[in-house]
Amino acid sequence: MSTTTGTGDPSPNRRSPDARAAVATERNRRSFDARAAVATERAGGRTVLGTLRSDPPLTLRQTGPRTVHLVATAAGPLGGDHLALHIDVAPGTSLEIASVASTLVLPGPGESVSVVEARVGAGATLRYVPEPTVLAAGCAHRVIVRLTLEEGASVHWREEIVFGRHGERPGTCHARFDATIGGVPLLRQEFLVGDPSVDGSPAVYGDARCVGSVLLTGSFAGEPAPDPASERPGTSPASEKPSAAPEKPDRASVKPVPSSEKPGAAEAVLAEGCAVLPLAGPGTLISALAPDAATLRRRLTWGEAQVRR
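Just so you know, these numbers come straight off a predicted model, no measurement behind them.

**Remarks on the packing of aromatic side chains**
Summed over all chains, the structure comprises 4 aromatic pairs. Considering the side-chain rings of Trp157 and Phe177, the 6.1 Å spacing of their centres and the 70 degrees angle between planes classify their relative orientation as edge-to-face. Taken as a pair, Trp157 in strand E13 (residues 154-162) and Phe177 in strand E14 (residues 172-181) lie far apart in primary sequence, 20 residues in all. Side by side, Trp157 and Phe177 carry an identical accessibility label, which is buried. Ring geometry for Phe191 versus Tyr205: centroids 6.0 Å apart, planes at 55 degrees, classification tilted. Note that Phe191 is positioned in strand E15 (residues 184-193) and Tyr205 in the loop between helix H2 (196-199) and strand E16 (210-217), a separation of 14 residues in sequence. For the pair shown, Phe191 and Tyr205 are each scored as buried.

Right, here's the structure in full:
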């Protein structure tokens with residue numbers, strides 16, 4: 001693991017008291033350049049983890065036969081940190097990645113960067129469902145996700161962003177999500193937050209404090225599983241907990257919207273704070289806004305239920 005040394009807060013007078021305190025606490029902490037990787041293999045008709053390695057603060061722990069949790073072993077990411085996670089799900093295998101707690105992005109010297117690169121093979125299944133990312137005041141964060149799917153891959157990919165801790169404005173975040181399937185673009189999405197003159201617009205976030213999305217492909221999007229022998233995540237103890245029935249967004253006015261004039265085409269569904277949008281390729285995108293993280297999760301879960309109907 002290589003490290004670089006921070007040089008201090010470039011703009012202390014423009015930060016909130018909480019942000020200045022966080023920077024003062026971590027001023028002497030070295031910036032992290034951390035790498036983590038997880039890869040599955042198929043052996044004896046079942047999924048095994050052939051690779052599981054990580055560097056603090058991006059630490060991986062196997063918590064089930066096909067389940068891995070992200071565990072924060074240091075504060076951050078902080079400004080100046082560069083964290084990269086590589087995921088490789090072999091054909092016919094399955095993997096679930098979650099986290100034990102939310103991620104708090106803190107200010108520091110420079111921009112923090114998180115990169116997630118995932119490849120999902122033919123007939124493989126990936127469920128990527130970390131807890132929300134919270135953008136603390138004064139942070140400058142960049143997120144890059146590159147998702148490469150082979151034909152017949154099934155993915156459930158959830159991302160949730162919270163705009164600051166209680167009573168504070170968020171720092172800045174620039175997130176880019178690129179997904180391809182069979183070498184063809186499936187989804188290109190970009191997310192920006194941190195400009196008060198734009199964030200508060202009714203055409204952007206309005207009074208929402210959280211934003212999130214779920215990408216569903218393959219069997220998660222209601223398509224037939226390409227290989228009945230392929231494993232699905234969900235048999236680990238953490239995944240066997242019964243989940244509550246999904247709630248419809250508060251005061252939601254559900255409106256089906258034809259996404260195509262083609263007979264039999266899937267319909268988009270719009271509700272208060274939630275949109276379920278079939279993609280041109282084999283998949284569905286659920287997007288939601290909410291005043292808090294709990295409501296955001298309910299709305300995303302409701303959107304997932306519409307896809308499975």
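**So, the confidence of the model for the protein chain**
On average, the protein chain scores 83 in pLDDT, and the residues at 70 or more come to 77%. Low pLDDT, under 50, characterises residues 1-13; the predicted model gives this stretch 22 contacts beyond four residues in sequence or across chains. Predicted confidence for residues 232-244 stays below pLDDT 50, and this span has 21 contacts to residues more than four positions away or in other chains.

**Examining the nonpolar core**
Formed by 47 residues in total, the largest nonpolar core has its most connected members in Ile87, Leu147 and Trp157. Looking at this core element by element, the count peaks at 5 residues for E14. Not counting the four nearest positions on each side in its chain, Trp157 is found in contact with Val116, Ala118, Leu126, Tyr128, Val145, Leu147, Phe177, Ser213, Val214 and Leu215. Membership of the second largest hydrophobic core comes to 18 residues, among which are Val276, Ala288, Leu296 and Leu300.

Criteria and thresholds
- Residues numbered from 1 in each chain as written.
- Predicted model: local features only at pLDDT ≥ 70, side-chain atom pairs only at ≥ 80, totals over all residues.
- Heavy atoms only, no water.
- Phe/Tyr/Trp six-rings, centres within 6.5 Å; stacked < 30°, edge-to-face > 60°.
- Helix = DSSP H or I, 4+ residues; strand = E, 2+ residues; numbered from the N terminus.
- Buried < 20%, exposed > 50% of the residue type's maximum accessible area, 1.4 Å probe, protein only.
- pLDDT = per-residue confidence, 0-100.
- Contact = heavy atoms within 4.5 Å.
- Core = buried A, V, L, I, M, F, W, Y, C linked by side-chain atoms within 4.5 Å.

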